[in-house]
Amino acid sequence: MGRRRGTGPEGLRRIGRQPLSVVHNPQDFDAVVTSTPVLLRINGDDTSDVVVAAQNGKLYALDGNRGFLIWKSKETSGKFFSTPLVTDVNKDRTADLIIGSPDRRVYGIDGATGQKIWETAVDGAVDSSPVLLNPAVAVVADESGTLYELSVTAGSILARTSLEAAVISSPAVLNRDDAPRIVAAMKNGAILAFSAPDLKPLWRYESRYQDPFVASPAVCDLNRDRCEDIVITSRSGYCHLISGRDGRDLAEPVFTGNSLSSSPALADVNHDRFLDIVFGSENGHVLASP
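Rules and cut-offs
- Residues numbered from 1 in each chain as written.
- Predicted model: local features only at pLDDT ≥ 70, side-chain atom pairs only at ≥ 80, totals over all residues.
- Heavy atoms only, no water.
- Salt bridge = Lys/Arg side-chain N within 4 Å of Asp/Glu carboxyl O.
- Helix = DSSP H or I, 4+ residues; strand = E, 2+ residues; numbered from the N terminus.
- Buried < 20%, exposed > 50% of the residue type's maximum accessible area, 1.4 Å probe, protein only.
- Pairing = 2+ DSSP bridges.
- Axes fitted to C-alpha atoms, helices over the stretch in contact; angles between N-to-C directions.
- Polar contact = N/O pair within 3.5 Å; in protein donor to acceptor, adjacent residues only side chain to side chain.
- Contact = heavy atoms within 4.5 Å.

Student: Would you take a moment to explain the pattern of salt bridges for this structure?
Tutor: Pairing between side chains becomes possible if they bear opposite charge and their charged atoms approach one another. Scanning all chains against the criterion turns up 8 salt bridges. Residues Glu-143 and Lys-187 are paired through a salt bridge, measuring 3.7 Å at the closest nitrogen-oxygen approach. One end of the pair, Glu-143, is in the loop between β10 (137–141) and β11 (146–151); the other, Lys-187, is in the loop between β14 (181–185) and β15 (190–195), and 44 residues separate them in sequence. Overall, the relative accessible area of 30% leaves Glu-143 in the partly exposed class. Residue Lys-187 is classed as partly exposed on the basis of its relative accessible area of 37%. Note that Asp-246 and Arg-248 form a salt bridge whose closest N and O atoms lie 2.7 Å from each other. One salt-bridge network, held together by shared partners, links Arg-105, Lys-116 and Glu-119.

As structure tokens, this is what we get:
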């Protein structure tokens, strides 16, 4: 099979010599963005468009071809750090958004227009990104130390439980299709696991170094026990491999030498048919671990 056009070293060199996109009206995009952009189709063509959440409390939708502004949200607030969750909120078969705000709100936003579909008040600031438990239920945590299950369509709180400490890491859902469980990593260096949707406690993991977790976990069945496991980095510079079944260390935590806030990515980097762990370090390095 031939290589697709635009891929490979030469394709990357061509991309690197020119900007992929620019904002058509810079005066309409006047805010700092630290949240991760998400992709969805808004214009009805074959190109994915881009939505970013900014630190002025607004979401911006940009055309994927030329970068011009499609819409700017008007009913949101807070300096967004949360990455929007892309899902069909109003069940019109098009992608919408759910996002948490430091102003102690979670919003459901129409992906086509940027209009607010619903708004839910929670107990604390939400810097954690929402995740999907199933098509009807989203999960989010806040800095009051509360974990919530929310109705995707209505935003109503379906279930909640108190955690031990504030959470800015995104929750993770393990085994989404079979006996799902929700994992929350906290700023006190502990991780809690709950069954879903009843939020019954399953296990607790505590870092022996009491290092805060701020990065979001990556999920994969590392030990092939048919239960997804967790890869997570910590502010004290450790990379942890944790059993999703019972919260045990699957390997001794690895010290990387510098503080870590980057969430790990899992990929077979060296083509040896085993997943590798890739993450960024605050000393300016990107690390890959076999």
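Let's pick the thread back up.
Student: Help me understand the sheet that holds strand β20 (residues 254–255) in this model?
Tutor: Strands pair in a sheet through their backbones, by hydrogen bonds, and they do so in one of two ways: parallel or antiparallel. Strand order in the open sheet formed by 4 strands is β17-β18-β19-β20, and the pairing between neighbours is antiparallel. Each edge of the sheet is formed by a strand with only one pairing partner; in this case those strands are β17 (218–220) and β20. Alignment of β17 against strand β18 (residues 229–233), held across 3 bridges, turns out to be antiparallel. The residue of β18 that forms the bridge with Val-219 is Ile-230.

Student: Got a minute to help me understand the sheet that holds β14 in this structure?
Tutor: Pairing is antiparallel across the open sheet formed by 4 strands, whose spatial order is β13-β14-β15-β16. In this open sheet, the two strands that pair with only one neighbour each are β13 (172–174) and β16 (201–206). Taken pair by pair, the neighbouring strands of this sheet meet at an average axis angle of 20°, ignoring direction.

Student: Please explain the side chain of Ser-170 as it appears in this structure.
Tutor: Inspection of the secondary structure assignment puts Ser-170 in the loop between β12 (157–162) and β13. A distance of 3.2 Å separates a polar side-chain atom of Ser-170 from the backbone nitrogen of Ser-129. With sequence-adjacent residues up to four places away left out, Ser-170 is seen in contact with Ser-128, Ser-129, Ser-216 and Pro-217.

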